[in-house]
Amino acid sequence: MNKEPQEKSVRTLRVGEQVRHVLSEILARGDVHDETLARHMVSVTEVRMSPDLRHATVFVKPLLGKDEDEVLKALRTNTAYLQREVAHRIQNKYAAKLKFLADESFDEGSHIDQLLRKPEVARDLGDPTED
């Protein structure tokens, strides 16, 4: 049985979590000298690494979802600085190229929750307290 793909997966998850932690710390401390990022609390919700660890897709969400496009633009403007900082703090063979995307999972979860609360859906699901 070949365990190599699983080991790579664990490694990419571990490195992704390290990158997430470093970026969260940089943004929380205000190390990026950018007015937009200074005005917003930004959560780094997930980092997905490519199998070769050269690319990182960073999912972010500004607090309360405010000014998401503006925050993404500021992060993309400061990508070179953030890549250098991550490379400096995480001693990998290659400095990962960062790509910032909005984390839509919160919006999707809220949408599903709203759908489940609709009376016609609740009726179809049945009331679990009736049994």
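Residues numbered from 1 in each chain as written. Predicted model: local features only at pLDDT ≥ 70, side-chain atom pairs only at ≥ 80, totals over all residues. Heavy atoms only, no water.

The protein appears in an unreviewed UniProt entry as Ribosome-binding factor A from Sphingomonas insulae. In its Function (unreviewed entry) section, the UniProt entry covering the protein states "One of several proteins that assist in the late maturation steps of the functional core of the 30S ribosomal subunit. Associates with free 30S ribosomal subunits (but not with 30S subunits that are part of 70S ribosomes or polysomes). Required for efficient processing of 16S rRNA. May interact with the 5'-terminal helix region of 16S rRNA." (UniProt positions renumbered as here; feature names shortened; annotations may be inferred.)

Undergrad: Would you mind going over the environment of Thr79 with me for this structure?
TA: As for its position among the elements, Thr79 is in helix H4 (residues 79-89). In sequence terms Thr79 and Lys97 are 18 residues apart; their C-alpha atoms lie 8.5 Å from each other. Beyond its immediate stretch of four places on either side in the chain, Thr79 contacts Leu98 and Phe100. (Helix = DSSP H or I, 4+ residues; strand = E, 2+ residues; numbered from the N terminus. Contact = heavy atoms within 4.5 Å.)

Undergrad: Even after reading the chapter, I still don't get the nonpolar core, so can you show me in this structure?
TA: A general trend in soluble globular proteins is that nonpolar side chains are found buried together. Of all hydrophobic cores here, the largest spans 27 residues; its most connected members are Val19, Leu75 and Leu98. The set of elements that each furnish at least two residues to this core consists of helix H1 (4-29), strand S1 (42-49), strand S2 (55-62), helix H3 (68-77), H4 and strand S3 (97-102). Sorting elements by how many residues they give to this core places H1 first, with six residues. When near neighbours in sequence (up to four residues on either side) are disregarded, Leu75 contacts Leu27, Leu37, Val42, Val60, Leu82 and Phe100. (Core = buried A, V, L, I, M, F, W, Y, C linked by side-chain atoms within 4.5 Å. Buried < 20%, exposed > 50% of the residue type's maximum accessible area, 1.4 Å probe, protein only.)

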